[in-house]
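In case you want the letters, here they are:
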Amino acid sequence: VIVSDYAKGCVTDALVETLKNRFGKERIIANVKPSVDLKKYRDIRAITLNAKEGFELTRISTTTDDGAAKAALTLSNEFRTSVVLTRGEHGMTVYDREVGKTSHISSAALSVYDVTGAGDTVVATLALTHGSGASLYQAAEMANAAAGVVVAKRGTVAIGSKELKARLFS
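Residues numbered from 1 in each chain as written. Predicted model: local features only at pLDDT ≥ 70, side-chain atom pairs only at ≥ 80, totals over all residues. Heavy atoms only, no water.

**Some thoughts on the packing of helix α4 (residues 118-131) against helix α5 (residues 136-150)**
Across the interface, α4 lies against α5 with an axial gap of 8 Å and an inter-helix angle of 145 degrees. Classified by chirality, the crossing of α5 by α4 is right-handed. Residue-level inspection shows A118, T121, V122, T125, L126, T129 and H130 of α4 in contact with α5, the latter providing L136, A139, A140, M142, A143, A146, A147 and V150. For the contact of α4 with α5, the residue count by class is 11 nonpolar, four polar and no charged. (Axes fitted to C-alpha atoms, helices over the stretch in contact; angles between N-to-C directions. Helix = DSSP H or I, 4+ residues; strand = E, 2+ residues; numbered from the N terminus. Left-handed = near helix turned anticlockwise from the far one by under 90°. Contact = heavy atoms within 4.5 Å. Nonpolar A, V, L, I, M, F, W, Y, C, P; charged D, E, K, R; others polar.)

Structural data, given as structure tokens:
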């Protein structure tokens, strides 16, 4: 289950609790904004957020791998969840709470024209891939590759399986 909480007031505590009860906490991945009460996302499988949002929540610079790892671990400890931190040209940092491991993934973007929708692409690809049996790290690698494709295009675009396969296996 993907929850995209853009702090517009639609995703209430009651809604998240209902999703947890209906589908199980471990089956929820949320793309969150710092301005929402993140306590409602405690104990879910993972949260995703970008480097700026990670900094806003932790006051830890995420521009270096060490800083990003520290910010991801801080968020994980506070919200008892895994963290996927997207870092633009610095790639991604993944802290998988289930295995207690931090990993860094290099940026997959060959060129960047428009970052619109990159976060949505990440969370959608992450949830689909992880829900299909891949580890969180493997799912993040796939999500990183998918985001690398969409940022190379103008506007909000969808990525198809053929396009993603071409990117992964070229």
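**Re the pairing of strand β4 (residues 82-86)**
Most of β4 sits inside the fold, with five of its five residues counted as buried. Neither face of β4 is open: one carries S82, V84 and T86, the other V83 and L85, and all of them are buried. (Buried < 20%, exposed > 50% of the residue type's maximum accessible area, 1.4 Å probe, protein only.)

**Observations regarding the pairing of strand β6 (residues 101-105)**
Where strand β5 (residues 92-96) and β6 come together, five bridges link them in antiparallel fashion. Counted as the bridge partner of M92 is I105 from β6. What sits between β5 and β6 in their antiparallel hairpin is a turn of four residues, with G100 showing a positive phi close to 65 degrees. (Pairing = 2+ DSSP bridges.)

**Side note on the environment of V157**
Examined against the element boundaries, V157 turns out to sit in the loop between α5 and α6 (161-168). Residue V157 is classed as partly exposed on the basis of its relative accessible area, which comes to 27%. Sequence separation between V157 and A68 is 89 residues, and the spatial gap between their C-alpha atoms is 28 Å.

**With respect to the sheet that holds β5**
If you walk across this open sheet you meet the six strands as β1-β2-β3-β4-β5-β6, and the pairing is mixed. Only two strands of the sheet have a single neighbouring strand rather than two, namely β1 (2-4) and β6. Between one strand and the next, the sheet's axes are offset by a mean angle of 15 degrees, whatever the strand orientation. Along the sheet face, helix α2 (residues 51-58) touches β3 (46-50) and β4 and points at about 105 degrees away from the line of β3. Its contacts with the sheet put α5 on β3, β4, β5 and β6, and the angle it makes with β5 is roughly 160 degrees.

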